[in-house]
Amino acid sequence: MLLPVQTSPAASVPPQGFSIEADRKRLSTTALKAFRRLVMHWDLTSQQAAALLGVSLSTWERLKPESVTKTLSQDQMTRISALTGIYKALHLLFVDAMADRWPMLENTGPLFDRRTPVAAMIEGGIPHMLEVRRYLDAVRGGL
């Protein structure tokens, strides 16, 4: 006799994506706010912030003020999602200021090749941001 498979309500909810403009519009203000705080905590230059977000320096300068709202692209939302996941993982891994210093420290790990994690993520784009996020999750025992 086969027993019915029970699924939780969460199992029937598709994962959050950023392809639907209405979702991006709803989430963009919060995402930008989080990114601005991350830029401040990591002490990033405007050039580094722009590169991580995948925009020109002039576009970043227009997005920087707290009063600015804009619907972000799928690419920008994905970048911010990965970076906030990295931020969170670092704060779970380190209980002191190292959590915010780590992204700007030279790293000898295989993902970084003696570059800072920020420099490596700028060069590698979204795929590298996701690799760094997975790496930190694995280091903290999340995988």
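Each remark here, short or long, concerns the structure printed above.
Residues numbered from 1 in each chain as written. Predicted model: local features only at pLDDT ≥ 70, side-chain atom pairs only at ≥ 80, totals over all residues. Heavy atoms only, no water.

**Student:** Whenever I open this one, the packing of aromatic side chains confuses me. Can you help?
**Tutor:** How two aromatic rings sit relative to each other is given by the distance of their centres and the angle of their planes. Applying the stated criterion across every chain yields a total of three aromatic pairs. Relative to Tyr135, the ring of Phe112 has its centre 6.0 Å away and its plane inclined at 75°; by these criteria the two rings are edge-to-face. With Phe112 in the loop between helix H5 (98–101) and helix H6 (117–139) and Tyr135 in helix H6, the pair connects residues that are 23 residues apart, well separated along the chain. On the accessibility criterion, Phe112 (1% relative accessible area) is buried. Grouped by ring-pair contacts, the aromatic residues Trp102, Phe112 and Tyr135 constitute a single cluster. (Phe/Tyr/Trp six-rings, centres within 6.5 Å; stacked < 30°, edge-to-face > 60°. Helix = DSSP H or I, 4+ residues; strand = E, 2+ residues; numbered from the N terminus. Buried < 20%, exposed > 50% of the residue type's maximum accessible area, 1.4 Å probe, protein only.)

**Student:** I tried to follow the side chain of Arg79 on my own but got confused; where do I start?
**Tutor:** One can find Arg79 in helix H4 (residues 74–93). In this structure Arg79 comes out as buried when scored by relative accessible area, which is 12%. Here the side chain of Arg79 touches Leu52 through a polar contact of 3.0 Å, landing on its backbone oxygen. Sequence-distant contacts of Arg79, defined by excluding residues within four places in its chain, comprise Ala51, Leu52, Leu53, Gly54, Ile126 and Met129. (Polar contact = N/O pair within 3.5 Å; in protein donor to acceptor, adjacent residues only side chain to side chain. Contact = heavy atoms within 4.5 Å.)

**Student:** Looking at this model, I keep getting lost on the pattern of salt bridges. Mind explaining?
**Tutor:** The final tally for this structure, using the stated rule, is seven salt bridges. Across the pair Glu106 and Arg114 runs a salt bridge, and its minimum N-O distance is 3.6 Å. For Glu106, a relative accessible area of 55% translates into the label exposed. Its relative accessible area of 55% is what places Arg114 among the exposed residues. With a shortest N-O distance of 3.0 Å, Glu123 and Arg115 are connected by a salt bridge. (Salt bridge = Lys/Arg side-chain N within 4 Å of Asp/Glu carboxyl O.)

**Student:** Explain the nonpolar core to me, please; I cannot follow it from the model alone.
**Tutor:** A general trend in soluble globular proteins is that nonpolar side chains are found buried together. One finds Phe35, Trp42, Trp60 and Leu83 to be the most contacted residues of the largest nonpolar core, which totals 33 residues. The set of elements that each furnish at least two residues to this core consists of helix H1 (21–41), helix H2 (46–53), helix H3 (57–63), H4 and H6. Here the element with the most residues in this core is H4; it accounts for seven residues. In contact with Leu83, other than residues within four places in its own chain, are Phe35, Leu38, Trp42, Leu52, Met121 and Met129. (Core = buried A, V, L, I, M, F, W, Y, C linked by side-chain atoms within 4.5 Å.)

**Student:** Sorry if this is basic, but what is going on with H4 here?
**Tutor:** Since the α-helix advances by 3.6 residues per turn, residues separated by three or four positions end up pointing in the same direction. In this model H4 runs 28 Å from its N-terminal to its C-terminal C-alpha over 20 residues, within 8% of the 28 Å that 1.5 Å per residue would give. Among the structural elements, H1, H2, H5 and H6 are those in contact with the buried residues of H4. (Expected span 1.5 Å × (residues − 1).)

**Student:** Help me understand unusual backbone geometry, please; the structure alone is not making it clear to me.
**Tutor:** Among all residues save glycine, negative phi is the norm, and among peptide bonds the norm is trans. Notably, Asp113 is not glycine yet its phi reads approximately 50°, a positive angle. Of note, Asp113 is situated in the loop between H5 and H6. Residue class for Asp113 comes out exposed when judged on its relative accessible area of 59%. The phi torsion at Arg114 lies on the positive side, around 65°, for a residue other than glycine.

**Student:** Please clarify how the packing of H1 against H4 should be interpreted in this entry.
**Tutor:** Helix-helix packing is described using two parameters, namely the angle between the two axes and the distance between the axes. Direction vectors running N to C along H1 and H4 enclose 45°, while the axes themselves pass 10 Å from each other. With respect to H4, the axis of H1 lies oblique. Classified by chirality, the crossing of H4 by H1 is left-handed. Between H1 and H4, the residues in contact are Arg24, Leu27, Ser28, Ala31, Leu32, Ala34, Phe35, Leu38 and His41 and Gln74, Met77, Ile80, Leu83, Thr84 and Tyr87, respectively. A per-class count over the contact of H1 with H4 returns 10 nonpolar, four polar and one charged. (Axes fitted to C-alpha atoms, helices over the stretch in contact; angles between N-to-C directions. Parallel < 35°, antiparallel > 145°, perpendicular 65-115°, else oblique. Left-handed = near helix turned anticlockwise from the far one by under 90°. Nonpolar A, V, L, I, M, F, W, Y, C, P; charged D, E, K, R; others polar.)

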